[in-house]
Amino acid sequence: MSKVKYFDNAATTRLDEDLLPILKKYNVDNFYNPSALNRFSTQVALDIQKARERIANLIGAESREITFTSCGTEADNTAMFGALRGYRGNIVTSAAEHPAVYSAANFLKSKGVEVRYINLHNDGRANKESLSQLIDENTQYVSLMHVNNESGAINDIKTLCETTKKINPNCLFICDGVQAYGKIQVNVKNLNVDYYTASGHKINAPKGIGILCARNNVRFNPLIMGGGQESGLRSGTENIANIMAFARASQTIFDSMSNSSLKYNNIKNTMLEIVYENCNEFYVLAENDNCSPAILTLMFKDIKTEVLLHMVETEDFVFGTGSACSSSNKTGRVISALNVPNDYREGMVRISFDKYSTKEDAIEFALCLCKNVNNLRKTIRG
Ligand code: PLP
């Protein structure tokens, strides 16, 4: 069987097989309900506590500030709905947010909250001056992502948060950290955000686990009510196995972050050299200095990414298309927000790495990409 050479790790990552014993341990051996009073359950509850502390330590939070959720989307939704104080006033966000935030904002708009969209730089970063113009005394919160999932661009969250609080000290700041967590340095105390979110399946942990970190003693109304788990902030019997695996995966990825960054940048540069040599009429969406090392997004002129995707797929390569071309969304909302020239709009190739990415595969992929881009252009241009 041929080996898939996977470069869509911003969409999801392969599970780290070292986590399998943890998944077995907490699903088969120590399967107990942490809310029960028997000593086995109590031990499991203590293990969850340790996982919480471990994650909190990695991002400069207090363990009581971490709430486990089922995914990044739930964490983002919980922050956005839970932080809201009535359907009034306004919130500030951007048109480049992930649907987990963008759709929640649309829902709030339908309920009467004014949603203000910040201007963006061409790589997707939020414009600080625009933010200052949008915040007023009625702004309930700002919600901006740390790393853009399509371009890889890194928002300067510390400055954006500072700007927000300077204008309205009561305005809360929500940061969707799903693409940043484990890929770039994250210290929530230093960023001074009120809410920060992350997701397990982006860091080789299982799908179905995320966190919401709620800081500065901010409270939020729970989205899910029931048995009062997670201090009443997120009811539902805990997914212990996923929590424990997520904590371990977090430790692993934070411990190896500087080495991984070097490796990814090296792979990126090598790929870029190949593409510059073998292809023309393309550009890099976010420049290295402001970009997650784990993401490289190229925009190709006159290319339909979906066609390209299926062409390289025949050689077992997989890349990401972003919302430019997802099965349920053909409009390319983010791309439209980034002022991408018309003839480049449909040609987004998002390449994203994880610890299993190799330079050898990346070289092959870059060559395959160029070959197919050139062939495709020959066909359409004649
Ligand atoms: N936010 C961003 C920036 C993402 O990239 C994603 C997933 O792609 C999410 C939120 C949603 O996370 P999850 O898939 O865990 O619900």
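Read on for a plain summary of the structure. (Residues numbered from 1 in each chain as written. Predicted model: local features only at pLDDT ≥ 70, side-chain atom pairs only at ≥ 80, totals over all residues. Heavy atoms only, no water.)

**Remarks on the environment of Asn-155**
Then, in step 1: Relative to the assigned elements, Asn-155 resides in the loop between β5 (139-145) and α6 (157-167).
Then, in step 2: Between the C-alpha atom of Asn-155 and that of Gly-124, which follows or precedes it by 31 residues, the distance is 8.3 Å.
Then, in step 3: Each residue touching Asn-155, except ones within four places of it in the same chain, is listed here: Gly-124, Arg-125, Ala-126, Leu-144, Met-145, His-146 and Leu-160.
Then, in step 4: Here the side chain of Asn-155 touches Met-145 through a polar contact of 2.8 Å, landing on its backbone oxygen. (Helix = DSSP H or I, 4+ residues; strand = E, 2+ residues; numbered from the N terminus. Contact = heavy atoms within 4.5 Å. Polar contact = N/O pair within 3.5 Å; in protein donor to acceptor, adjacent residues only side chain to side chain.)

**Some words on the sheet that holds strand β3 (residues 90-93)**
Then, in step 1: Spatial ordering of the open sheet is given by β2-β8-β7-β6-β5-β3-β4, a layout of seven strands whose pairing is mixed. The sheet terminates laterally at β2 (66-69) and β4 (114-117), the two strands that pair on one side only. If you compare each strand with its neighbour and ignore which way they point, the axes differ by 20° on average.
Then, in step 2: Bridge analysis of β2 against strand β8 (residues 210-214) gives four bridges, and the strand direction is antiparallel. (Pairing = 2+ DSSP bridges. Axes fitted to C-alpha atoms, helices over the stretch in contact; angles between N-to-C directions.)

**Some thoughts on the nonpolar core**
Then, in step 1: Counting residues in each nonpolar core, the largest one holds 66 residues, and the members touching the most others are Ile-59 and Phe-246.
Then, in step 2: Broken down by element, this core gets its largest block of residues, ten residues, from helix α8 (residues 240-255).
Then, in step 3: Every residue in contact with Ile-59, bar those within four places of it in the chain, is listed here: Ile-66, Tyr-181, Val-186, Asn-187, Val-188, Lys-189, Ile-211, Cys-213 and Phe-254.
Then, in step 4: Grouped together as the second largest cluster of nonpolar side chains are 31 residues, Ile-267, Met-271, Phe-365 and Leu-376 included. (Core = buried A, V, L, I, M, F, W, Y, C linked by side-chain atoms within 4.5 Å. Buried < 20%, exposed > 50% of the residue type's maximum accessible area, 1.4 Å probe, protein only.)

**Brief notes about the packing of helix α3 (residues 72-82) against helix α4 (residues 99-110)**
Then, in step 1: The geometry of α3 relative to α4 is characterised by a closest axis approach of 9 Å and an angle of 35° between their N-to-C directions. Here α3 and α4 pass one another in a crossing that is right-handed. Residues Thr-73, Asp-76, Asn-77, Met-80 and Phe-81 of α3 form the contact with α4, whose participating residues are Ala-100, Val-101, Ala-104, Ala-105, Phe-107 and Leu-108. (Left-handed = near helix turned anticlockwise from the far one by under 90°.)

**Focus on the site of the ligand**
Then, in step 1: Near the ligand you find 13 residues, and of these Thr-73, Asp-176, Gln-179, Ser-199 and Lys-202 are the closest.
Then, in step 2: Within the contact set of the ligand, an oxygen atom lies 2.6 Å away from a side-chain nitrogen or oxygen of Thr-73.
Then, in step 3: For the ligand, a nitrogen atom lies 2.6 Å from a polar atom in the side chain of Asp-176.
Then, in step 4: Coverage of the ligand by the protein chains reaches 89% of its 390 Å² of free accessible surface.
Then, in step 5: Residues belonging to the shell around the ligand are distributed by class as follows: three nonpolar, seven polar and three charged. (Near = heavy atom within 4 Å. Areas by Shrake-Rupley, 256 points an atom, 1.4 Å probe, with all protein chains shown as cover. Nonpolar A, V, L, I, M, F, W, Y, C, P; charged D, E, K, R; others polar.)

**Topic: the pairing of strand β12 (residues 348-352)**
Two faces make up the sheet, and in a regular strand the side chains alternate between them.
Then, in step 1: For β12, the buried fraction is high: five of the five residues fall into the buried class.
Then, in step 2: On β12, burial covers both faces: Met-348, Arg-350 and Ser-352 on one face and Val-349 and Ile-351 on the other are all buried.
Then, in step 3: Pairing of strand β10 (residues 295-300) with β12 involves five bridges; the strand directions are antiparallel. By the bridge assignment, Met-299 is partnered in β12 with Met-348.

**Quick word on α8**
Then, in step 1: The end-to-end C-alpha distance of α8 is 23 Å, a good match for the 22 Å that 16 residues give at a rise of 1.5 Å each.
Then, in step 2: Among the 16 residues in α8, twelve count as buried, and that is most of the element.
Then, in step 3: If you check which residues of α8 are buried, you get Ile-240, Ala-241, Asn-242, Ile-243, Met-244, Ala-245, Phe-246, Ala-247, Ala-249, Ser-250, Ile-253 and Phe-254. (Expected span 1.5 Å × (residues − 1).)

**Observations regarding the environment of Asn-288**
Then, in step 1: Looking at the element boundaries, Asn-288 is found in the loop between β9 (282-284) and β10.
Then, in step 2: Given a relative accessible area of 36%, Asn-288 falls into the partly exposed group.
Then, in step 3: C-alpha of Asn-288 to C-alpha of Ile-154: the two residues are 134 residues apart in sequence and 9.9 Å apart in space.
Then, in step 4: Setting aside anything within four residues of it in sequence, one finds Asn-288 in contact with Asn-265, Lys-268 and Asn-269.

**Concerning the sheet that holds β9**
Then, in step 1: With antiparallel pairing, three strands are arranged side by side in an open sheet as β9-β10-β12. The strands lining the two open edges of the sheet, one partner per strand, are β9 and β12. Sheet twist, expressed as the average angle between the axes of neighbouring strands with direction ignored, equals 20°.
Then, in step 2: Direction of pairing for β9 relative to β10: antiparallel, over a ladder of three bridges. Bridge pairing links Tyr-283 to Met-299 in β10.
Then, in step 3: Seen against the sheet, helix α9 (residues 257-278) touches β9, β10 and β12 and runs at an angle of roughly 15° to β10.

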